[in-house]
Structures are given as structure tokens and as C-alpha cells.
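Read off the chains here:
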Amino acid sequence: MIAAVLVSDFDYELPPDRIAKHSVEPRDAARLFVLDRSTGATTHATVADLPQFLAPGDLLVSNDTRVMPWRLRGSRGSGGAVECLLVRVEGTSGEALLKPSKKLREGDLLRMEHGALSLRLERALGGGRWQLTLLAPDGNVDAVLERCGRAPLPPYVERDDEEDVAKDRERYQTVFARVPGAIAAPTAGLHFTPRLLQQLAERGVELASVTLHVGEGTFASLRTDVVEQHRMHSEVFELPPTTAAAIAAAKARGNRVVAIGTTSCRTLETCARDDGTVQPGRGASDLFLYPGARFRCIDALFTNFRLPKSTLVMLVAAFAGRERILAAYHEAVERGYRFFSFGDAMLIL
């Protein structure tokens, strides 16, 4: 009988001071931990050095989703503070994660961003999620969100009431961002700059894109002790014919397909055929990659350092091996690498 894969198998110790609260500037000045998954050998560089680890003809695949400014701060009628992360908006109807949520009741009216927008709570959906109506003074909800909304930063990135909203919104968006729809950034892409893209092009490295709109599942913790029992949230993706053709061409000439981030990886592997090429199209993916999974398309992965016991650390462990990843993470901690969304990067070859 094969032993179950446990969530606890993907835990690791991380001192709080290793969690990056702000990004480095310029973006490609972040450190780069390079791991050879076949030997376990490690190299230490910066993201700006990425071209030297790739060969002419290699293909980088980015996620071009654009993050929506759907995080809001405001207050309840009693004056107590409340924070909102919208996860769906359709006209004046929406759904949101609210905190704190214990004292909220159906019919409550929340005043957000100094009255720029109000939220009327219609129905509790469980787990701090609410169905609600969005009320803008001029009726243009989208315009208010675009003007007043905040970057949907992860919970571990703390900001006080004096946060620089404009800076965070700019910094929590990748250089690839084009198609609106994500409620969290595909954070591996945050390291890229126009200068780095130019250097990669001069090296002969090609670039293609997919779209995967990062959803609320990125914030969800696993509620099971056994990995196989977890069910991923579904996320909308699109893989265009031009990207499918670029992947087929790279494979035919013997070059590598390098996914920029776990979201690009999941999209490619969702659409992958047994010969390593991909089927273009659009749909929704709930693909869960954990040790034992077969990777049919990608040959290398550029990623951030992922949270302990998360589905994302399980994905990188599936690609490189659990023991190799945990050893690499331990080395990264010892060497002072910065972790998570605004932290340093890893290239797994």
C-alpha cells in the first residue's frame, strides 16, 4: 500500500524577518537561487543574470493577467474597521471576502474608502465570504474601483493606514500585465523589467504568453492533512494559438520551455499533450500538481519562494523533488534570501 502524501511533509522553518514586506528596486536586482534538479547543485546570482542561464532559442512563457484593484478599507456602521477583498464584480453585484466578519449581518451597509463606495451585505456565503451590492455615488462602480481601489496584497504584507496606494498598485503588477481579471499577482513575473526583456531578446531567448486569472484559491489554506484529498479552486485560463506554435517550435529545435511562475506552469500543463506540445484554447483549470505528477510541457521553472504547506510549494516539489526543494529552501534561509511575493526568485533547471 502506498503511503499518503501529507501536507506536513511540505513544512519548513522560516524566520519572520525573511518574509519580504517590500520589493527591491530595480525589480531585476532581486537575488536568484538557481537549482539544478538533476544534481541538486546550486548557484547564486541575481535576476538580472537570468540570460546567462538560458540558451538562444529557449522559450519563456509569462502570464499576462492584470491584477484588479479590488482591496478596499472602510468601516461598519458602528465605526469598526473592516477590510474587503472583492473576488467577483458584475455591474453592481459582487462577492467579497470581509474581515473581521464575525459582527457583520445581512443588510449592513459598509462605508469604504471614505465614502467613495458603499457595500450592502446581502447574504453570508461562509468562511468570511459575502454576496453584496456595490453602491457608487454616480453609479459607476468600475470607475470608483479604478480610482480608489488598493492592490490586493497578500495577508503577510502588512501596510498601515498611510500606505502608499499608488506605489503598491504599480509594484504589484507585472511588466506582462495586459488582460484584466486577477485578484492576486502572478508574482514570479514581478521580477522582470523592460531592460531584462531586452537583454533576453538580445540573447536570442523567445517570449510567449498565456493568461490565467489568479483567483481566491491563492489565499486558501489546505483544510486536510492528506494532500490527495485537497481540491483546487478553478481558475480561468487562455492559451493562444501563437503560444502553442511557439512551444511546438521550441520543442522541435531541442530548446527548453521555461514557465515564468506557477500560474504559467499550471496553464501549460493543463493544456499539454504527451509529446510536450500544448492544445490552444480557453477554459477553467483546477489542476493540482504535487509529487508524483508528470510534467509534460515545461523544462524549467522560474518562481518565487513559496509558503510552507501551500499548494505552490507542492508544485515546485513535484517538479524538482521534495527533498531537493526543502534542502534548497533551507540553504536560501541560511543565506538570507527574501521569501514570498516581494521576495527573491528561484530558477529550477
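Residues numbered from 1 in each chain as written. Predicted model: local features only at pLDDT ≥ 70, side-chain atom pairs only at ≥ 80, totals over all residues. Heavy atoms only, no water.

Peer 1: How would you summarise the environment of Ser-310 if you had to cite specific residues and measurements?
Peer 2: Tracing the chain through its elements places Ser-310 in the loop between strand 16 (300–304) and helix 6 (311–320). Along the backbone, Ser-310 and Ser-221 are 89 residues apart, and their C-alpha atoms lie at a distance of 7.0 Å. (Helix = DSSP H or I, 4+ residues; strand = E, 2+ residues; numbered from the N terminus.)

Peer 1: Which residues make up helix 6, and what values do they have?
Peer 2: In terms of residue burial, helix 6 counts as a mostly covered element, since nine of its ten residues are buried. Within helix 6, burial applies to Thr-311, Val-313, Met-314, Leu-315, Val-316, Ala-317, Ala-318, Phe-319 and Ala-320. On the buried face of helix 6, the contacting elements are strand 1 (31–35), helix 5 (262–270), strand 16, helix 7 (322–334) and strand 17 (345–348). Where helix 6 ends, the next residue or the one after it, Gly-321, has phi of about 105°, a positive value. (Buried < 20%, exposed > 50% of the residue type's maximum accessible area, 1.4 Å probe, protein only. Contact = heavy atoms within 4.5 Å.)

Peer 1: Please set out the sheet that holds strand 8 (residues 109–112) residue by residue, giving values where relevant.
Peer 2: Pairing within the closed barrel is antiparallel, and its six strands lie in the order 5-6-7-10-9-8. In this sheet, adjacent strand axes meet at a mean angle of 45° when their direction is disregarded. Here five bridges tie strand 5 (residues 71–75) to strand 6 (residues 81–90), and the two strands are oriented antiparallel to one another. Pairing of Leu-72 across the sheet is with Cys-84, part of strand 6. Seen against the sheet, helix 1 (residues 141–148) touches strand 5, strand 6, strand 9 (117–126) and strand 10 (129–135) and runs at an angle of roughly 130° to strand 6. (Pairing = 2+ DSSP bridges. Axes fitted to C-alpha atoms, helices over the stretch in contact; angles between N-to-C directions.)

Peer 1: Could you give an account of the state of the cysteines, naming the residues involved and the relevant values?
Peer 2: Summed over all chains, the structure comprises zero disulfides. Here Cys-271 is not cross-linked by a disulfide; its sulfur's nearest cysteine counterpart is in Cys-297, at 9.1 Å. (Disulfide = S-S within 2.5 Å.)

Peer 1: Could you give me a rundown of the packing of helix 6 against helix 7, with the residues and numbers involved?
Peer 2: Between helix 6 and helix 7, whose axes approach to 7 Å, the crossing angle comes to 115°. Seen from helix 6, the contacting residues are Val-313, Val-316, Ala-317 and Ala-320; seen from helix 7, they are Arg-322, Arg-324, Ile-325 and Tyr-329. Taken together, the residues of the contact of helix 6 with helix 7 break down into six nonpolar, no polar and two charged. (Nonpolar A, V, L, I, M, F, W, Y, C, P; charged D, E, K, R; others polar.)

Peer 1: Lay out the nonpolar core in plain terms, naming residues and giving numbers.
Peer 2: Ranked by internal contacts, the top residues of the largest apolar core, which has 66 residues, are Tyr-172, Leu-268, Val-278, Leu-301, Ile-325, Tyr-329 and Phe-339. Element by element, the count of residues in this core is highest for helix 6, at eight residues. Excluding residues within four positions of it along the chain, Val-278 makes contact with Leu-239, Ala-244, Ile-247, Leu-268, Cys-271, Ala-272, Arg-273 and Cys-297. Listed in part, the 26 residues of the second largest apolar core include Ala-96, Leu-110, Leu-132 and Leu-145. (Core = buried A, V, L, I, M, F, W, Y, C linked by side-chain atoms within 4.5 Å.)

Peer 1: Lay out the pairing of strand 3 (residues 59–63) in plain terms, naming residues and giving numbers.
Peer 2: Burial of strand 3 is extensive: five of the five residues sit out of reach of the surface. The alternating pattern of strand 3 places Leu-59, Val-61 and Asn-63 and Leu-60 and Ser-62 on opposite faces, both of which are buried. Of the pairings in the sheet, the one linking strand 3 to strand 12 (residues 206–212) comprises five bridges and is parallel in character. Among the inter-strand pairings, Val-61 is bridged to a residue of strand 12, identified as Ala-208.

Peer 1: An account of the pattern of salt bridges is requested, with residue identities and associated values reported.
Peer 2: Here the structure, examined in full by the defined rule, presents 26 salt bridges. In this structure, Arg-256 and Asp-58 form a salt bridge, with 2.8 Å as the shortest nitrogen-oxygen distance. A residue pair is termed long-range when its members are at least 10 positions apart, and Arg-256 in the loop between helix 4 (241–252) and strand 14 (257–260) and Asp-58 in the loop between strand 2 (42–46) and strand 3 qualify at 198 residues. Residue Arg-256 is classed as partly exposed on the basis of its relative accessible area, which comes to 25%. Of the charged contacts, one joins Arg-73 and Glu-83 as a salt bridge, the two residues approaching to 3.4 Å between their closest N and O atoms. Taken together, the residues Arg-73 in strand 5 and Glu-83 in strand 6 connect sequence positions ten residues apart. Each member of the pair, Arg-73 together with Glu-83, is buried. What you see here is one network of salt bridges that share partners, running through Arg-71, Arg-73, Glu-83, Glu-113, Arg-150 and Glu-163. (Salt bridge = Lys/Arg side-chain N within 4 Å of Asp/Glu carboxyl O.)

Peer 1: Quick one: what's the story with the environment of Ser-78, residue by residue and with numbers?
Peer 2: By the element assignment, Ser-78 lies in the loop between strand 5 and strand 6. Ser-78 sits 32 residues away from Leu-110 along the chain, and the two C-alpha atoms are 9.7 Å apart.

Peer 1: How would you sum up helix 1? Please name residues and give values.
Peer 2: When helix 1 is considered as a whole, its buried residues turn out to be Val-141, Val-144, Leu-145 and Cys-148. Along the axis of helix 1, the buried residues cluster in a sector spanning 100°; they form a single face. In helix 1, the exposed positions angled more than 90 degrees off the buried face are occupied by Asp-142 and Arg-147. Lining the buried residues of helix 1 we find strand 5, strand 6, strand 9, strand 10 and helix 2 (165–171). (Arc of directions from axis to C-beta.)

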